Amino acid sequence: MRAVVTGGAGFLGSHVCERLLDDGHEVVAVDSMISGTPANVAHLRTRPGFRLVRHDVARGLGAAEDGPVDLGAVDLGSVDLVLHMACPASPVDYAAHPLETLDVASRGTRAALELAARSGARFVTTSTSEVYGDPLVHPQREEYWGNVNPIGPRSVYDEGKRFAEALTMAYRRSLDVDAGIVRIFNTYGPRMRGHDGRVVPTFVRQALAGEPLTVCGDGSQTRSLCFVDDLVEGLLRFAGTHEAGPVNLGNPHELTVLQIAEDVIAATGSSSRIEHVDLPTDDPKVRCPDITRARELLGWEPKVAWETGLERTVAWFRELGVAAA
Ligand code: UDP
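Attention here is on the structure that accompanies the text. Please read all numbers here as calculations on a predicted model, not as lab measurements.

Quick notes on the nonpolar core
Counting residues in hydrophobic clusters, the biggest one holds 57 residues, and the most contacted among them are Phe50, Leu83 and Leu249. Looking at this core, the element that brings in the most residues is helix α6 (residues 228-239), giving 7 residues. Residue contacts for Leu249: discarding those within four places in its chain leaves Val182, Arg183, Ile184, Phe185, Leu231, Gly234, Leu235, Ala294, Leu298 and Trp300. Listed in part, the 28 residues of the second largest apolar core include Val82, Tyr94, Ala121 and Phe123.

Observations concerning helix α9 (residues 306-320)
With 15 residues, α9 extends 21 Å from end C-alpha to end C-alpha; this agrees with the ideal 21 Å at 1.5 Å per step. If you check which residues of α9 are buried, you get Trp306, Gly309, Leu310, Thr313, Val314 and Phe317. Along the axis of α9, the buried residues cluster in a sector spanning 135°; they form a single face. Facing away from the buried side of α9 by more than 90 degrees, the exposed set consists of Glu307, Glu311 and Glu319. Check the buried side of α9 and you find it contacts β7 (187-188), α5 (199-209), β10 (226-227), β12 (254-256) and α7 (257-268). Positive phi appears at Gly321, one or two residues downstream of α9, with a value of about 90°.

As for the environment of Thr6
Structurally, the position occupied by Thr6 is in strand β1 (residues 2-6). Classification of Thr6 by relative accessible area gives buried; the value is 0%. It is 9.2 Å that separates the C-alpha atoms of Thr6 and His55, two residues lying 49 residues apart in sequence. Those residues within four positions of Thr6 in sequence are excluded, and the remaining contacts are Val30, Val57, Leu83, His84, Met85 and Ala86. Side-chain polar atoms of Thr6 contact the backbone nitrogen of Met85, separated by 2.9 Å.

As for unusual backbone geometry
Between His138 and the following residue, Pro139, the backbone shows a cis peptide bond with an omega angle of -10°. Within the fold, Pro139 resides in the loop between β5 (122-128) and α4 (155-175). With an omega dihedral of 0°, the bond running from Gly245 to Pro246 counts as a cis peptide bond. The phi torsion at Met33 lies on the positive side, around 70°, for a residue other than glycine. With respect to the helices, strands and loops of the structure, Met33 is situated in the loop between β2 (26-31) and β3 (50-54). A relative accessible area of 12% means that Met33 is categorised as buried.

Section: the packing of helix α3 (residues 98-119) against α4
At a closest axis distance of 9 Å, the pairing of α3 and α4 adopts a crossing angle of 10°. One finds that α3 runs roughly parallel with respect to α4. Counted together, Pro98, Thr101, Leu102, Ala105, Ser106, Thr109, Arg110, Leu113 and Glu114 of α3 and Val156, Tyr157, Gly160, Lys161, Phe163, Ala164, Leu167, Thr168 and Tyr171 of α4 form the full contact between these two elements. In terms of residue class, the contact of α3 with α4 is made up of 10 nonpolar, 5 polar and 3 charged.

Parameters and conventions
- Residues numbered from 1 in each chain as written.
- Predicted model: local features only at pLDDT ≥ 70, side-chain atom pairs only at ≥ 80, totals over all residues.
- Heavy atoms only, no water.
- Core = buried A, V, L, I, M, F, W, Y, C linked by side-chain atoms within 4.5 Å.
- Buried < 20%, exposed > 50% of the residue type's maximum accessible area, 1.4 Å probe, protein only.
- Helix = DSSP H or I, 4+ residues; strand = E, 2+ residues; numbered from the N terminus.
- Contact = heavy atoms within 4.5 Å.
- Expected span 1.5 Å × (residues − 1).
- Arc of directions from axis to C-beta.
- Polar contact = N/O pair within 3.5 Å; in protein donor to acceptor, adjacent residues only side chain to side chain.
- Axes fitted to C-alpha atoms, helices over the stretch in contact; angles between N-to-C directions.
- Parallel < 35°, antiparallel > 145°, perpendicular 65-115°, else oblique.
- Nonpolar A, V, L, I, M, F, W, Y, C, P; charged D, E, K, R; others polar.

This is the structure:
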């Protein structure tokens, strides 16, 4: 099978590329490098069947209406699977790149769908738990339509992803593309950037550097954290079906942010203290996936316990060195 992975040099995308190669597939990773980095796939560069293209999918993927698109020497011609994963995913990143975020969710999703349509490929868009906004239903089931502020600072991501879902369904309904949607909840693991702003890499970096851990607000807000390997397994199982979804992918083990900070301090053996800082605007108060649908459709559920995943993540950051994180 030949797969195109947009965002293939990102945190999640790079793990997906690696797993596809391990499974014997050819992979073209397309990445603008806004939040991805070639270092994430450096170890894949010599593997047969792997290509990395530095390119913004929002500029098109070579369909007639895209105009000239420079994909280097790579011909995307025959493709079996398009995984559309490109998008800044950290609130800090999408606040810094609001227009790029909207572009990749709209034009980028359209370009990836067009590629799937003309190749007859399976298409999966990686949506997000953020489509539920600050949820009034807990845990979140796929049937819940969400509580999103359409003009707040997070809206470029939330509404962008909601638009991408609508576009995906329109291609499925009217153009018969084998397209589906997964909604990814908070995921963590090796290759997150220490400065990407998200809670786990931030706390681990701070703890290893002996700096205070910046807990936003009183830390009573919750998140449910999925280790990257589990997420990749669920995503590829979904890609192997013809389902439309949406399907929630995440680990229902729910923790307060304060608990996450305390666990990181314990896992690193750090003497860092906790410092409370301002809560970002529209920060969701709770988040936890209901994964009944993933269990039923994919026979999938997360296997890696938080303690184990955290240990692996800390080990990776230690190896990287605090200065590089
Ligand atoms: N958070 C925190 N300190 C940080 C970074 C994040 O307390 O240094 C909190 C943030 O306010 C949110 C949660 O951790 O409640 C998860 O934030 P993250 O940016 O990882 O992702 P989100 O789930 O908000 O998209």
